Every structure is written in C-alpha cells, then in structure tokens.
Amino acid sequence: MLNIENLHVTVAGREVLKGINLSIEAGKVHAIMGPNGSGKSTLSYVLAGREGYDITGGKVAFMGQDLLQMAPEDRASAGLFLAFQYPVEIPGVSTTTFLKTAINALRKKRGEKELEPVQFLKLQKEKLTQLGMDPEMLKRGVNVGFSGGEKKRNEVLQMAMLEPKLAILDETDSGLDIDALKTVAEGVNNLRSPTRSFLIITHYQRLLNYIKPDVVHVLARGKIQKTGGPELALLLEEQGYAGFYGDGEAA
Amino acid sequence: MPISNETLQTVQSLGQKYAAGFITDIESDLAPKGLNEEIVRFISAKKGEPQWLLDLRLQAYRHWLTMPEPQWSKVSFPTIDYQDAFYYAAPKSASKLKNLNELDPKLLETYKKLGIPLREQEMLAGVAVDAVFDSVSIVTTFRENLRKAGVIFCPISEAVQKYPELVKKYMGSVVPYTDNKHACLNIAVFTDGTFVYIPEGVRCPMELSTYFRINEAKTGQFERTLIVAEKGSYVSYLEGCSAPQRDENQMHAAVVELIAMDDAEIKYSTIQNWYPGDEEGKGGIYNFVTKRGICKGARSKISWTQVETGSAITWKYPSCILQGNDSIGEFYSVALTNHYQQADTGTKMIHLGKNTKSRIISKGISAGKSNNTYRGLVRVSSKAKQARNYTQCDSLLIGKTCGAHTVPYIENKNPTAIIEHEASTSKIGADQLFYCRQRGISQEEAVTLIVNGFCREVLQHLPMEFAVEAQKLVAISLEGSVG
Ligand SMILES: Nc1ncnc2c1ncn2[C@@H]1O[C@H](COP(=O)(O)OP(=O)(O)O)[C@@H](O)[C@H]1O
Ligand SMILES: [Mg+2]
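Residues numbered from 1 in each chain as written. Chains lettered and ligands numbered in written order. Predicted model: local features only at pLDDT ≥ 70, side-chain atom pairs only at ≥ 80, totals over all residues. Heavy atoms only, no water.

Student: Whenever I open this one, the overall build of chain A confuses me. Can you help?
Tutor: Looking only at helices and strands, chain A features 7 helices and 12 strands. Relative to a compact globule of 251 residues, whose C-alpha radius of gyration would be 18 Å, chain A shows 18 Å and is just as compact. Among the 251 residues that make up chain A, the fraction classed as buried is 55%. A fraction of 68% describes how many contacts in chain A between residues 6 or more apart in sequence connect residues 24 or more apart. With an accessible surface of roughly 10,900 Å², chain A has 49% of that area assigned to carbon and sulfur atoms. Here chain A contributes 30 positively and 30 negatively charged side chains, and the mean placements of these two sets differ by 3 Å. (Helix = DSSP H or I, 4+ residues; strand = E, 2+ residues; numbered from the N terminus. Rg over C-alpha atoms; globule rule 2.2 N^0.38 Å. Buried < 20%, exposed > 50% of the residue type's maximum accessible area, 1.4 Å probe, protein only. Contact = heavy atoms within 4.5 Å. Areas by Shrake-Rupley, 256 points an atom, 1.4 Å probe, with all protein chains shown as cover. Lys, Arg positive; Asp, Glu negative; His and termini not counted. Charge placed at Lys NZ, Arg CZ, Asp CG, Glu CD.)

In structure tokens form, the structure reads like this:
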C-alpha cells in the first residue's frame, strides 16, 4: 500500500525528517508515536502533498505510484486521506456543501457518476448518526465555531464519507474527552477492512487502547528509532521517550 | 500563510473567458455623433415625446454643461470626450415591431446566447423580462399576465405616452437632475428603460426583470428605471446586463428610482456583468450609475442586492431615504474586481423617520491589480429617534497587487441612534486551499468554493432563479486574477 524509503525533508532550512523508512501493507494499522516537534505532522503533510517542504532525498510509493510527483487532489483520489491535526475553517461553505463537492470531485476523477443528492444525504445521515454528531453542525461553515472535539469528529466524518484506502490521522485524539475518544475510535474501527490501511499519529498511548495497532513506530529526532508491536506503546507510556533517542543523542 | 505562486497561476486560468463578449451583426439607426441640444431634441423626437419631457431634458442638458465631474471617488480614468460617442442607437428592424414573431431572429439569438430566451414558453417560469438593446426596449414579456394583476410593466418610453401623469409625478422625484453630473446627463439623453407600477395591495405575481445589452460600438447607454409600489404592495425586480468585448471604453450612466408607500416592499437585485476590459485594462464599460429609493410610507422597505463582477469602472451607491416611520433599508453587495478593474461602490442610508432601520452587508473581492472600495454613508437626522444601523464590510484579497479600501461616513444628529460598524480583511489562505485539495477538490474549484462561501450572506438574498447564475459569474470573473 505505502512504501517510504529513506525520506529526507527540510523545512525552513532545517532537516526535520532524516531518512524515514516505513512500509504499510493493506489492511494494517500502524501507529507512530513521538514527542512534540519530532516531525510527525511534517511526515503527514509531506505524504498529503502540502507545499513548503523540501524533499531532499528518498521516495514514496503509494498503490504502486510515485506519490511525491502527484498533486494533492490526485493523491486524494488515489485514496489517501489526512485527518488534520489543526482542521481549517472555511467560512460560508457549509459542511454538507463541502462534503458533496469533495465526494463528487473524487468520483469524477475516478470516472464515476456524481452521487444523486438523495443518495448523498442518506449516506451523510448514516455516518453522522454513527458518530453521534448533531445534524445542525452540517449547516454551519466548515469548522467555523466548532469546538476542538467537534473539529476532530468532523475529520472522522469526512474520512467515513470519502472511504480512503489509506487514512492518516494526525493527533486526532488530542483534546478529546474520553467519550469523544471512544466515538472517534469506533469510527476508525468501523472502517477497518482488509483493503484499508491506517497510519495513526499520536502523542499518547491512550487512543491505542481503543484502536489496536498492528505495528507501532517511535519517531524521534527525525528518524524511526524503534518498531514493534502494541506492547511498544505501553512501554513508551511507562518510560517516556527518553530512552528512544538512540545513537547516544538522548537529551 | 501567504498565497503561493501556484495558487495565483491557477486562479489566473480559472473559468472561461467573458462569455457575453460577442457582437450582434445588425444594422442600427444612429443619431449623429456627439452631444449638443440638437441631439437631445433628436432623441426626444425619436420617441415622440410630449413637450414637458423635452423641456426637462433641455433644462437638464444646460445644467449639465455647468456641472463638474465627481472627484471624490477612488477611481481614475482619462477625461471623457463626450463628443466622441453616439447617444442613440437602435436596431433598424426594431422600430416597426408589433410582436415577438416579427423580432429579428438575430436579436432572439443574441438573448438566447446570453441565457435569456425571450419566447415566453422558453423562459424561466415566473420571470418577466424587458429586453433593452442599445437605446431601445425590444420586447417586454408576460405583459398580459401582469396586466390582469393590475401591474404595469413596460418600457419607460411607452409609459411616457400611456401613463404620463404617473411618470411626470415620479420621474426625477428621487434623483433630481441636479444630483450629480452622470445622473444629469442621463435625463438629458436617456433613451429607454423600464417602468413598473404596482397598485395598492397587490403582490406582483412574477419576478420582474430587465436585461440591458450594449451592442453598437462607440455608443453610451443611458436608461432609467422607475418603480412605484403603492400601499401594501410587493415587487421583486432584477436587472442584468452585458456588452461586447471592445478595446474602447463605453459609458453606461443609468438612473434608477424606487418609491415605496406605506407597508410596501421593493426588492431590487442587480447582476452586473458589463464587459470588464482585458487583462491589460484595455476597454470595458464605465458604469456610472445613480440608484436611489425612497421609503415614503410608514413600515415600507427597500432592499438592494447587487453582484458587481463586470465593468472597467463601477461607480454606484444604491441608497435608501428612510422617510416613513419604521421603514427599513437594506443593502447587500458583492463587488468583485480583477485585472485593472476599479470599483467604488457602497450605499447611503438616510434616516429621516422614527424607528428606521438599515442594514449594510458588503463583500469586496479584489484580485489582480484591481482596486475595490466600499464607500458608505449612514446619516441620522435629528428627528430620526431610535434609528438603527448595522454595517458589515468584509474584504477578501487574492494576491498582493490589488487594493481594498473601506470608507465609512457616519453623520449622526440624534443621540438615541444606534450605529454599529464591523469590518474585516482576509486572504484566501494556502491552508484553506490545501485542506480542500486534500479532500480531492481541485485548486480552481477550491477557490470558487471559498469565494462563494465568502459571499454567501449576500448571494442568499438574490431570487433563487438567479443565485446559481451569480455563483458561476463570481467564479468566471476570477479568471486571470494574478499580480
Ligand atoms: N512551516 C514550518 N516552518 C518552520 N519550522 C517548521 C515548520 N513546520 C514544522 N517545523 C519544525 O519542524 C519540526 C517538526 O514539526 P512537526 O512535524 O509539526 O512535529 P510534530 O507534529 O511531531 O509535533 C519542529 O521543530 C517544527 O518547529
Ligand atoms: Mg503535530
């Protein structure tokens, strides 16, 4: 599904990712944990195609395509989805309009017919109910006046509607109370399938109690320092990140 | 985060070109070139007008000669050579027209291409159209249906003949010829326009509209619209317009007067799509328009909604005189400028009666090297107890080479008045665009989505039939918006 080889990325003149290697197979859930500033969001943005990052080395293959050559919207239609750490507000554009535009843009790129309005509304209602969201939210401008938790739920709603092949969740758990966390986890678990993969970026182990990862990576100082099973997350929770900096670079 | 080059380039290639820029090849009956008393008499004679109107025209013309050009707006252009234009142009075939079947097929085709089919069965249900081509009204549809409801909807030149008392009573009563130079020229040389009269207690059963088309080269268009809504009546009226793509600047100086009696409501919408000039600022219409309504009666309401995407220069301030107690004035505006376009637009809310309310929502979008100014006056007279105004002016900038300006004037002579003003300036953020693109929405579609979101509060005040068209126009007008 996704294969990252020796990825080096410089941001504002500083090397933030210093040779990332990561391979995700179809149907697998990978988690990346790491301290603040270790480059987690940078990795997710680079995969999604945000501007402003200098890719100085390495390559990324997604579904057999050279991901780094693709425009962001083409990555999306190839099946890549990013749940943003800080979702953006779009005043005056209702969430429903936004979702409809997105779904139909994706379908068009894939050579499919636009969804009938009735089909769309049915799908939206179904997903909304699953996530326990207030239908009123859909009428408001995208993320405008949403609480932190509502914004994160909105990201999960979009993921559920757009049905990606690979979903990257960048700290979707931060700022959520325990109920919201469970709903978000349920949203993800409902979508798990043998053909869909997840890359779950988190600062805390908490979310991984509800979404069982297949593989856990520790990202620190721009490199994956350790890879293991779910037990690695628990170990991190106990010991903190200090032991994982490697190369005797520990602070 | 600043907007990237890529964004600017995409915005530049947005949409299609100005779609209404074609020329209809048709033989015209022209007045001799230039402007003088003979021309004023020529126009009046063409229309077979009564003496009082000719006298009014001549009086206005003589006054016009003494008036200075308005200097206070933030627009610049070379001095206008008033002698280098034609003040009357009419398709030859239109003069002897009796019904639609006799209309030159070229004219029918023109309107069809503009999305305004004139045959009633092809039209939007519920919308009546007066089609003005250069200096004359060529067709007015659904007149019979309207007449049954008691509504008069006809070319103003015809109203002068058929309803002289009404026209004489109201024409110039809201915008006198002494008001400003452009309005003064208008009354001297106006050639046509629309007259609407809604009798007491009647709710006009259809949307009324006028479509103004300039076709002939080197001509100006000077039309007048007069709408009178008697007690307790209601009317929604919409005007649209367009012109061919030409290298020269053409002048359009219209006057619109609205009169609302007790409990009457007039909703006036404009979708202004005059040719804006090319990417280098060559050509385009000078749109110098005076629009004013008076809420004469108690509890009357006048609501202006405008979407201004065209014209090289837009100079217009649709205003409300709130004379009746408890009357309401509203102004909802989207002004979009691109390339070298200049817009200086806004409103005047003149509070005279007690408990009068006004609401101003202005959305300015500037791109390219354009300049976009909101200019608004809120005046509360000493007698206007408990007057209220709310003003909100938002500007959206695309790129770094455009300008947005907000010039609010407040003159308050009554301490019980409450006047609120809010203003904001924002940019289309790279983050917003990336968010959309991550969801699969292309850059062009994202810009359109964001801009339409920005305008939503205004666009939702348009009659439903036209809201979608306005959204599309906003998207198309962003074409080539690079600095
Ligand atoms: N646009 C930017 N400009 C300058 N520095 C940046 C930018 N984006 C990220 N960085 C820096 O890169 C490092 C990694 O940031 P980030 O990927 O956001 O970390 P994380 O998500 O793991 O907290 C940090 O030191 C951060 O300050
Ligand atoms: Mg982060």
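Student: Sorry, what's going on with the overall build of chain B here?
Tutor: Helix and strand counts for chain B come out as 11 helices and 23 strands. Compactness check: chain B gives a C-alpha radius of gyration of 22 Å against a globular reference of 23 Å for 483 residues, within 12% of the reference. For chain B, the C-alpha atoms occupy an extent of roughly 65 × 60 × 45 Å along the three principal directions. Restricting the contact set of chain B to residue pairs at least 6 apart, pairs at least 24 apart contribute 84%. About 17,900 Å² of surface is accessible on chain B, with carbon and sulfur atoms providing 50% of the total.

Student: What should I look at first to understand the sheet that holds strand β3 (residues 127-133) of chain B in this one?
Tutor: Two strands in a sheet stick together by hydrogen bonds in their backbones, pointing the same way (parallel) or opposite ways (antiparallel). Residue and element names in this part refer to chain B. Sheet architecture is open: 10 strands sit in the order β4-β3-β7-β9-β12-β14-β17-β19-β21-β23, paired in mixed fashion. A single partner strand is all that each edge strand has here, and the edge strands are β4 (136-140) and β23 (418-427). The average angle at which neighbouring strand axes cross in this sheet is 10°, direction not considered. Contacts between helix α4 (residues 105-113) and the sheet are confined to β3, β4 and β7 (207-213), with β3 contributing the most and set at about 120° to the helix. (Pairing = 2+ DSSP bridges. Axes fitted to C-alpha atoms, helices over the stretch in contact; angles between N-to-C directions.)

Student: Mind showing me how you'd approach the site of ligand 1 here?
Tutor: Residue and element names in this part refer to chain A. Taken together, Val11, Ala12, Arg14, Val16, Pro35, Asn36, Gly37, Ser38, Gly39, Lys40, Ser41 and Thr42 make up all the residues around ligand 1. In the model, an oxygen atom of ligand 1 is placed 3.2 Å from a nitrogen or oxygen of the serine 38 main chain. One of the backbone nitrogen or oxygen atoms of lysine 40 is found 2.9 Å away from an oxygen atom of ligand 1. Coverage of ligand 1 by the protein amounts to 62% of the 560 Å² it exposes when considered alone. Elements with a contribution of two residues or more to the shell around ligand 1: β2 (14-24) and α1 (40-48). With 3 residues, α1 is the largest single contributor of residues to the shell around ligand 1. (Near = heavy atom within 4 Å. Polar contact = N/O pair within 3.5 Å; in protein donor to acceptor, adjacent residues only side chain to side chain.)

Student: Is there a simple way to think about the interface of chain B and chain A in this case?
Tutor: Bring the parts together and some accessible area is lost; that lost area is often taken as the interface size. Contacts between the two partners involve 21 residues from chain B and, on the opposite side, 34 residues from chain A. Buried area between chain B and chain A, both sides added, is near 2,200 Å², and the carbon and sulfur share of it is 60%. On inspection of chain B and its partner chain A, the count reaches 3 salt bridges. Residue arginine 50 of chain A pairs with aspartate 431 of chain B through a salt bridge whose shortest N-O separation is 2.8 Å. At the junction of chain B with chain A, the criterion picks out 12 residue pairs in polar contact (both at pLDDT 80 or more). Tallied by class, the residues present in the side of chain B that touches chain A amount to 8 nonpolar, 7 polar and 6 charged. (Buried area = accessible area lost by both parts, 1.4 Å probe. Salt bridge = Lys/Arg side-chain N within 4 Å of Asp/Glu carboxyl O. Nonpolar A, V, L, I, M, F, W, Y, C, P; charged D, E, K, R; others polar.)

Student: Just to check I follow, could you spell out the pairing of strand β12 (residues 265-272) of chain B for this structure?
Tutor: The side chains of a regular strand alternate, first on one face of the sheet and then on the other. Residues and elements named next belong to chain B. The buried count for β12 comes to 7 of 8 residues, which makes it a mostly enclosed element. Note that strand β9 (residues 234-242) and β12 share 8 bridges and pair parallel. Paired with serine 236 across the strands is lysine 267, a residue of β12. Examined bridge by bridge, β12 and strand β14 (residues 301-308) share 8 bridges and lie parallel to one another. From the neighbouring strand, glutamine 272 faces β14, where its bridge partner is glutamate 308.

Student: Looking at this model, I keep getting lost on the packing of aromatic side chains. Mind explaining?
Tutor: Two descriptors summarise a pair of aromatic rings, namely the distance from one centre to the other and the angle between the planes of the rings. Per the counting criterion, the structure on display carries 23 aromatic pairs over all chains. Seen from their ring centres, phenylalanine 77 of chain B and phenylalanine 288 of chain B are 5.4 Å apart, and the 35° between their planes marks the pair as tilted. Of the two residues, phenylalanine 77 of chain B is situated in the loop between α3 (51-66) and β2 (89-91) and phenylalanine 288 of chain B in strand β13 (residues 284-295); the sequence distance between them amounts to 211 residues. An angle of 75° between the planes, with centres 6.3 Å apart, marks the rings of phenylalanine 288 of chain B and tryptophan 315 of chain B as edge-to-face. One end of the pair, phenylalanine 288 of chain B, is in strand β13; the other, tryptophan 315 of chain B, is in strand β15 (residues 313-316), and 27 residues separate them in sequence. Looking at phenylalanine 288 of chain B, the relative accessible area reads 1%, which means it is buried. When its relative accessible area of 5% is taken as the criterion, tryptophan 315 of chain B is described as buried. Grouping aromatic residues by their ring pairs yields a cluster made of Tyr45, Tyr53, Phe84 and Phe98 of chain A together with Phe434 and Tyr435 of chain B. (Phe/Tyr/Trp six-rings, centres within 6.5 Å; stacked < 30°, edge-to-face > 60°.)

Student: It is not clear to me how the sheet that holds strand β12 (residues 223-228) of chain A should be interpreted in this structure. Could you clarify?
Tutor: Residue and element names in this part refer to chain A. Pairing is mixed in the open sheet, where 6 strands are placed in the order β6-β9-β10-β3-β11-β12. The open sheet has two edge strands with one neighbour each: β6 (80-83) and β12. Neighbour to neighbour, the strand axes of the sheet diverge by 20° on average, direction disregarded. In this sheet, strand β9 (residues 166-170) lies alongside β6 in parallel orientation, the contact comprising 4 bridges. Bridge assignment links leucine 80 to a residue of β9, and that residue is leucine 166. Across the sheet, helix α5 (residues 148-162) lies against β6, β9 and β10 (197-202), angled at about 165° from β6, the strand it touches most.

Student: Looking at this structure, I do not really get the pairing of strand β20 (residues 371-380) of chain B. What am I missing?
Tutor: Residue and element names in this part refer to chain B. Most of β20 is tucked away: 8 of the 10 residues are buried. For strand β18 (residues 342-351) and β20, the ladder comprises 10 bridges, and the chain directions are parallel. Paired with alanine 343 across the bridge in β20 is asparagine 372. Where β20 and strand β22 (residues 403-412) come together, 10 bridges link them in parallel fashion. When the sheet's bridge partners are listed, glycine 376 is paired in β22 with proline 408.

Such coordinate-based values are descriptive only and should not be taken to indicate function.
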